[in-house]
Structure formats: structure tokens, C-alpha cells
Amino acid sequence: MDEDFRKAALDYHRLPRPGKLSIEPTKRMATQRDLGLAYSPGVAAACEAIAADPDAAWDYTSRGNMVAVISNGTAVLGLGAIGALAGKPVMEGKAVLFKKFAGIDSIDIEVEERDPAKLIEVVAALEPSFGAINLEDIKAPECFEVERELRARMKIPVFHDDQHGTAIIVAAAIRNGLVLQGKRIEEVKLVNTGGGAAALACLDLLVAMGLRRENVTVCDIHGVVYEGRTEGMDPYKARYARPTDARSLEQVLDGADIFLGLSAPRVLKAEWLGKLAPKPLILALANPEPEILPEAVRAVRPDAIVATGRSDYPNQVNNVLCFPFIFRGALDVGATAINEAMKVAAADAIAALARVEASEVVAAAYGGQAPIFGPDYIIPKPFDPRLILEIAPAVARAAMETGVARRPIADFEAYRRELERFVFRSGYLMRPLFEADRKAPRRVVYSEGEDERTLRAVQTVLDEGIAEPVLLGRREVIEARARAMGLRMDFSESVEILDPNADTETFAPLIELYQHRVARRGVPPEAAARRVGTRATVAAAILLEAGLVDAALVGGTGNWMNQWHYAYDVIGKGEASSRVYALSAVIIPTGTLFFVDTHLLVEPTAEQIAEMTLLAAEQVEAFGLVPKVALLSHSSFGGSNAPTARTMRAALRLLRERAPALEVDGEMHADAALVPAIRARAVPDSTLADTANLLVFPNLDSANISFNLLKAAAEGLQVGPILLGMRKPLHVLVPSVTARGIVNLTAVAVQQANALKAG
């Protein structure tokens with residue numbers, strides 16, 4: 001660690017407030033009644049329910065989503081026995097990872113106790129407080145005894161991550177490495193250096209997965225672990241003692257298919273690599289310096305697949321790949337333990353995820369170049385957001401199948417949707433549209449078919465079954481990029497490619513149609529013909545206008561307003577609307593807010609505000625939400641006679657005439673829209689109940705500024721802009737759109753297409 005990095009790390013832990021954890025309430029405590037419900041006398045009801053049925057604690061307390069990270073500081077990272085207090089930053093960090101990756105609340109508990117028997121008593125006494133225990137940084141062999149006794153005594157999962165987390169990732173790496181090398185786990189020979197807690201846990205899990213114990217050789221600081229050896233032995237290591245005359249690592253490498261190092265730097269010499277079997281797996285996991293550097297392996301054995309514990313080399317074995325998600329699955333079924341079947345299920349899920357195309361998040365971390373399953377990518381990256389979707393259900397299912405689940409999951413499809421909130425914050429909002437679209441997918445054309453974001457989005461669209469994609473672009477470019485990205489789409493069946501410059505049979509008849517549409521907008525015929533071939537937005541829009549597709553997504557590059565004008569010139573507004581408006585949603589931790597109009601209309605009239613509100617409310621209903629509309633202003637319920645305030649009051653009158661059942665009120669301040677208590681003080685008889693979710697603004701400036709300000713300040717996720725009032729479903733993507741954003745607007749476009757078909 002260089003001095004600059006050390007200083008940055010200290011500042012990170014110290015500023016703006018010490019430590020990495022805080023506690024926040026999950027319930028409102030704004031009134032005397034809130035306090036009465038939270039504490040005395042209301043809390044007695046929850047206490048009585050738990051006294052009558054201890055399992056009720058899962059319903060009335062945070063226990064079911066609470067993990068304790070417990071250590072006595074005897075084996076902290078690479079720092080050794082530095083003590084419980086000095087190890088606290090590590091335990092805080094572990095607790096933060098639980099929250100960040102799996103939404104699990106976690107508290108670190110540092111116990112200054114070196115006696116294993118006393119440590120067991122301390123931890124066992126904590127059972128009422130937590131749904132699971134994560135043991136951390138306890139030295140071997142005491143860690144074996146501590147975990148074994150606690151698992152026997154406690155009716156909640158007890159998991160020593162240093163052992164089992166490493167084992168699960170190693171097992172996944174070996175599973176995939178053997179697939180690539182064309183070998184079977186039942187037949188391979190493995191040599192391990194280390195013989196400690198992590199190494200033995202790895203071997204135990206691999207044996208459970210089919211590795212033959214007689215094909216394993218363990219070496220430690222004293223040499224080969226052989227039958228009859230007494231020096232440095234314990235019952236756990238003795239399980240892997242072999243009858244052999246070999247006494248050194250070099251002597252046992254002959255014909256080994258797997259080298260598993262969990263020991264010390266540079267213990268595997270480059271000159272020994274020739275002893276290994278053809279196509280070996282080398283997992284050199286000592287940190288920060290491995291048993292052998294990958295470049296040293298490549299120089300001698302280019303046929304080897306190498307993994308390390310470091311992030312600056314391919315195939316990093318990192319515990320964060322699994323432990324948050326194993327606990328997520330275990331907690332969600334109320335598991336009493338994390339058993340071997342659950343660990344195997346986790347390893348298999350991780351291995352399977354590496355064999356499908358990497359996510360957009362992973363691609364971004366590689367500068368846009370997503371890794372593809374192969375020698376340099378046998379396990380996913382820790383920041384792959386899909387890990388929770390694969391590991392947690394696999395672990396939960398294994399817990400149920402092995403009889404340790406107290407709260408079985410009845411509907412795994414619903415459970416998977418529930419987990420999507422940790423992956424895609426838009427998941428809850430979009431789910432009703434996804435489910436409806438699957439029943440009637442429509443043809444959607446994407447103008448930027450060569451864009452990697454589009455290609456990733458289309459793969460998800462196919463996996464979700466919500467649309468039939470048509471990509472515009474050069475066929476050879478699209479196919480090559482899809483292959484390079486490891487995407488699975490089939491261009492002969494599931495995805496159509498159209499090239500405006502090559503597919504003359506399709507586009508030649510459309511040129512005349514476009515010329516007719518723009519002839520009176522100052523575009524001569526020759527220029528119109530060129531635009532169809534050079535402006536992808538024009539080509540996509542004209543396909544939609546001709547009825548060759550049902551919806552279109554254009555833009556995502558260049559100036560948004562220019563793309564909008566190209567598209568609008570072709571499609572235009574619907575007959576029932578006076579103009580087109582833009583609705584944008586922002587998803588924040590407290591929910592979703594819709595803003596209208598954020599992009600198109602600078603100074604709307606009262607009539608236009610009423611029209612945009614009704615169109616927006618209809619779209620909000622399509623998301624399965626009840627629209628609650630607030631007409632916003634600098635004025636609060638008649639407090640000003642300014643022109644914009646009068647406009648909003650006039651719009652309210654129109655809305656109440658045209659949609660008497662709509663929950664709408666105004667004009668009002670923004671805080672009154674979002675805080676019912678403030679609104680009640682201003683107007684006790686407000687017709688708007690609860691918190692508004694559809695915010696209508698007096699002009700474009702206020703709408704766009706408010707939307708972007710909230711999105712930035714609250715780290716909100718944008719959905720949209722969604723165009724309202726178009727004659728046919730078409731949406732213009734903003735340049736910052738992500739692949740998931742394209743998927744979301746695809747779902748909206750298909751929903752609108754189906755609504756149009758239904759009349």
C-alpha cells in the first residue's frame with residue numbers, strides 16, 4: 001500500500017463522519033401517535049405476539065433481515081491476530097457489503113475473547129437478536145470448533161465466510177475451468193498448499209461435488225500431509241492425510257490437474273509447472289501476492305487457466321461474489337442452517353452465471369468490453385447485479401429440499417421478481433407492463449441497432465419475451481458485435497436486421513411515403529431520399545408509419561430535440577390530442593414520481609395542462625398505479641393571482657369537469673404535494689389523499705429543472721421520457737439512456753401498441 005492510498009483510505013474511514021455504518025428507522029416517527037405505536041404502549045402488542053409465538057419475531061421485528069458479523073480479531077485479513085478492536089473496520093466493511101449487495105441489515109460485533117469455549121458462549125447468547133451469524137477472521141483450528149459448536153446449539157444459520165465463502169467461489173471456478181479444459185471432477189487430481197480453514201473448506205465442498213478424496217494431496221508449512229505425520233496436525237487436516245513417501249510440494253505435482261493455493265507468496269515455482277497434467281487449473285489465491293504470478297504461468301504453460309485473489313488479474317476469487325446472496329436466500333426461507341447442499345447450489349449458480357453474457361454493469365467496468373466465458377472469465381465479477389437473482393433462489397430452494405427452511409417459498413417466480421428490486425430499481429414499476437406485454441408482444445424497431453446498449457437491451461427483451469425486435473444497421477456490424485459481446489440472440493429467427501442502405505426491397509417503397517410526409521416541410525425529394533438512408537430515426541419512423549412494425553425506439557445519440565423533430569415529422573400527433581407531451585419518471589428510495597411535461601411544451605395553457613394531465617394519468621394507470629395528481633405552483637391554494645397560478649386553477653376546474661373520479665388538487669407547493677400533513681394544514685378538505693405521485697408543472701422550465709434536480713440529488717433512476725399523444729407508439733431515447741432504460745421504454749411502447757390495437 002503506497003502512502004497516498006493509505007491516506008485516502010484513512011480519510012475514507014474518517015470523513016465526513018467516522019466509520020462506515022449508521023442506523024436509520026424504518027417507520028415514521030413524526031407524531032405522538034407514531035411514538036405510541038413504536039414504543040409505549042403500542043410495542044406491548046408486538047411483544048405479546050412474540051411471547052405467544054417466537055416465530056412472530058420474523059413478522060414484527062427486524063430479526064429476519066439482520067445478520068451479525070462477529071470476530072475476535074485473531075486472523076484479520078493479512079494482518080494476523082491484531083485484536084478485536086483493530087479488526088472493527090473490516091467487520092464494518094463486511095456489514096456494509098451485506099446491505100449494499102443484498103439489502104440485509106447487519107451489525108458488526110467485535111468480541112475480545114481468545115478462548116474458543118468462552119467465545120462460543122458469547123455468540124450463542126446472541127441468538128434472539130439475529131436471523132443469522134457470519135463468523136469472520138477467527139484463526140484456525142479454533143474456527144472449526146467455534147463454528148461446529150455454534151451450528152449445533154443455534155437454530156439460525158452460522159457461517160464462517162473465510163472458510164465457506166472462499167470454498168463456494170473456488171468450487172464455481174473449478175466447475176467452469178474443468179468444463180473449458182474438458183475434464184470431469186470425478187477424475188482429476190488436486191494439490192493444495194495451505195491446509196488452513198479456507199483450504200479445508202474448499203476441499204470438503206469439492207468432495208461433496210464429486211472430487212475423490214484419494215485424489216487430493218495437501219501441503220502446508222511443514223510439507224506434505226501424509227498418514228502418520230504428527231507435526232502441525234489437527235483432526236480437520238488429518239482427514240486429507242495420504243499414504244505417500246513424498247514430503248515436498250515439488251514431489252506431489254506430477255500429473256496434477258488442479259493446483260489450489262491458499263498459502264503464501266511464490267511457493268509454486270515456474271520450473272515445476274511442467275510436472276502438471278495437460279490443461280491444468282492453477283488457483284493461486286494468496287493475497288496480495290499469489291503463489292505464482294499469472295504471467296509466470298503463461299510463459300511456461302499457455303494451456304493453463306489461472307485464477308487469483310487479486311482484482312488486477314482475470315478470474316478474481318472474491319467472497320463478495322456469494323456471501324450476501326447466500327444469506328439472502330437463507331433468511332428468506334427462515335433457514336436453521338446453511339448446509340452443504342445450499343453451498344453446492346450457490347457454487348453451481350455462480351458457475352452458470354459466468355456462462356451467459358455479462359451484464360451492462362460488468363461491461364461498463366471493462367470500459368464497455370464485456371468478458372465472454374473462456375479461460376480469462378470463469379467466474380462472474382463481484383459487481384454483477386444478477387448474482388442475487390441466481391444465488392438466492394438456488395440457496396432457498398436447496399434449503400427447502402433439505403428440510404432446513406421454516407418459511408418455505410411457495411412461488412419462486414414471485415420471489416425472483418421480489419429480488420429484482422436489488423438489481424433493477426425499475427423492477428417494481430415495470431413489472432405490470434412486462435407481464436401484460438408477454439401476452440401480446442409486438443414488433444419494435446430500434447433505430448440504433450449497432451449500439452451496444454441496444455444489443456444488450458434486445459437480449460433482455462428476448463429473454464423477457466416482451467417484444468419482437470427489429471434492428472436497423474449494417475448486418476455484418478450488428479452480428480459481429482453481438483458475437484463479441486457473447487449475446488445469445490438468433491438473427492435468423494428471433495431478431496430481424498434491416499439495413500436502410502442495403503435492403504432496397506423494403507425501403508425503396510418507403511422513400512416515396514417519406515417524401516410525401518415531409519414535402520411541405522421544406523424537404524425536397526432528393527434530400528428526403530437521402531435521409532431515409534442516412535438518418536436512422538427517419539428510417540425507423542417510416543417503418544412504423546408504413547405498418548411494418550408496431551412501435552419504434554429512436555435516438556439515444558446526438559441531439560434529442562433534432563431526433564424528436566425527425567420522428568414527429570413522420571408520425572405526428574394522434575387525432576384525440578392537440579399536441580404531444582413528455583412524461584418522465586424518477587425512481588427514488590421512497591418510491592416513484594412522475595413529472596409532466598419535462599421536454600416539449602414551454603408555456604402550456606390551462607387546456608393543455610388538463611390534456612397532458614389526463615394523458616399522463618392514463619399512462620400511470622398502465623403501470624398498475626393509482627394516479628394521485630398535484631398541480632404545482634409557487635402559489636398555494638389561491639395564495640397568488642399571478643398568471644401561472646391562475647392557469648393551474650383553471651386547469652383544476654377543467655380536470656374536475658372531465659375526470660371527476662381522478663384524485664387531483666392544486667394549485668399547491670411541491671412540499672404540500674409530497675407531505676400530506678403540510679397539505680392538510682393548508683387545505684383540510686383536499687381531494688388528494690396520501691402522497692402525490694404525478695406532478696404537473698406550470699411550464700417546461702420548472703418541470704425539467706425539478707425532475708433533473710431530484711434525479712441528481714436523490715440518485716434517482718430515470719424512466720422515459722415517455723411520449724404522450726403520438727399517433728403511433730414512438731419514443732426518443734436520451735443520450736444517457738442505459739440498456740435497462742431501453743428495455744423499460746420497450747415495455748412502454750409495446751403497452752401503448754396493444755392499447756392502440758384494442759382501440
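Residues numbered from 1 in each chain as written. Predicted model: local features only at pLDDT ≥ 70, side-chain atom pairs only at ≥ 80, totals over all residues. Heavy atoms only, no water.

Pairing between side chains of opposite charge can happen when the charged atoms of each approach one another. In total, this model carries 40 salt bridges according to the counting rule given. For R266, the salt bridge goes to E289, with nearest N and O atoms at 2.8 Å. Here R266 is found in the loop between β8 (258–261) and β9 (281–284), whereas its partner E289 is found in the loop between β9 and α12 (294–300), with 23 residues between them in sequence. Judged by its relative accessible area of 27%, E289 falls in the partly exposed class. (Salt bridge = Lys/Arg side-chain N within 4 Å of Asp/Glu carboxyl O. Helix = DSSP H or I, 4+ residues; strand = E, 2+ residues; numbered from the N terminus. Buried < 20%, exposed > 50% of the residue type's maximum accessible area, 1.4 Å probe, protein only.)

On to the environment of R679, then. One can find R679 in helix α28 (residues 676–682). For the pair R679 and M668, spaced 11 residues apart in sequence, the C-alpha to C-alpha distance is 8.2 Å. When near neighbours in sequence (up to four residues on either side) are disregarded, R679 contacts F637, M668, A672, A673, S686, L688, A689 and D690. Within polar-contact distance, the side chain of R679 engages the backbone oxygen of A672 at 2.6 Å. (Contact = heavy atoms within 4.5 Å. Polar contact = N/O pair within 3.5 Å; in protein donor to acceptor, adjacent residues only side chain to side chain.)

Right, let's get into the sheet that holds strand β4 (residues 158–160). Judged by pairing direction, the sheet is parallel, and its four strands sit side by side in the order β2-β1-β3-β4 without closing on themselves. The sheet terminates laterally at β2 (105–110) and β4, the two strands that pair on one side only. In this sheet, adjacent strand axes meet at a mean angle of 25° when their direction is disregarded. The pairing of strand β3 (residues 132–135) with β4 spans three bridges and is classified as parallel. In the strand pairing of β4, N134 is matched with F159. On top of the sheet, helix α7 (residues 142–153) reaches β3 and β4; it is set at about 165° to β4, its chief contact. On top of the sheet, helix α13 (residues 323–332) reaches β1 (66–71), β3 and β4; it is set at about 160° to β3, its chief contact. (Pairing = 2+ DSSP bridges. Axes fitted to C-alpha atoms, helices over the stretch in contact; angles between N-to-C directions.)

Let us now look at the sheet that holds strand β12 (residues 467–472). Strand order in the open sheet made by the five strands is β13-β12-β11-β14-β21, with parallel pairing throughout. The open sheet has two edge strands with one neighbour each: β13 (496–498) and β21 (730–733). Going across the sheet, the axis of each strand differs from the next one's by a mean of 20°, ignoring polarity. Summarising the sheet, strand β11 (residues 442–446) and β12 pair through five bridges and their orientation is parallel. Among the inter-strand pairings, R443 is bridged to a residue of β12, identified as E468. Sheet strands touched by helix α19 (residues 452–464): β11 and β12. Its angle to β12, the strand with the most contacts, is close to 160°. Running at roughly 135° to β11, helix α30 (residues 739–758) makes contact with β11, β12, β14 (551–555) and β21 of the sheet.

The next point concerns the pairing of β12. Where a strand is regular, its side chains alternate between the two sheet faces. When you tally the buried positions in β12, you get five out of six residues, the bulk of the element. Traced from β11 through α19 to β12, the parallel crossover comes out right-handed. Here three bridges tie β12 to β13, and the two strands are oriented parallel to one another. Counted as the bridge partner of L471 is I497 from β13. Considered for its hand, the β-α-β crossover made up of β12, helix α20 (residues 475–484) and β13 is right-handed. (Right-handed = clockwise from strand over helix to strand, strands pointing away.)

By size, the foremost hydrophobic cluster in this structure holds 101 residues, and its most contacted members are I133, I168 and L283. If we skip the residues at most four places from it in the chain, L283 touches V170, A173, I174, I258, F259, L260, G261 and A307. Core analysis: the next-biggest nonpolar cluster, separate from the first, contains 100 residues, L455, V470, A527 and A541 among them. (Core = buried A, V, L, I, M, F, W, Y, C linked by side-chain atoms within 4.5 Å.)

What follows covers the environment of A712. By secondary structure assignment, the location of A712 is in helix α29 (residues 700–713). Given a relative accessible area of 59%, A712 falls into the exposed group. Residues A712 and E667, 45 residues apart in the sequence, show an inter-C-alpha distance of 26 Å.

Turning next to the packing of helix α6 (residues 116–124) against α7. At a closest axis distance of 10 Å, the pairing of α6 and α7 adopts a crossing angle of 35°. Taken as a pair, α6 and α7 cross one another with a handedness that is right-handed. Mapping the contact onto sequence places P116, L119, I120, E121, V123 and A124 in α6 and E142, E145, V146, E149, L150 and R153 in α7. Broken down by class, the residue content of the contact of α6 with α7 amounts to seven nonpolar, no polar and five charged. (Left-handed = near helix turned anticlockwise from the far one by under 90°. Nonpolar A, V, L, I, M, F, W, Y, C, P; charged D, E, K, R; others polar.)

What follows is about the domain arrangement of the protein chain. The domains assigned to the protein chain are domain 1 (62–156), domain 2 (164–313), domain 3 (320–422), domain 4 (430–571) and domain 5 (581–725). Between the C-alpha centres of domain 1 and domain 5 the distance comes to 49 Å. (Domains from an automatic or database assignment.)

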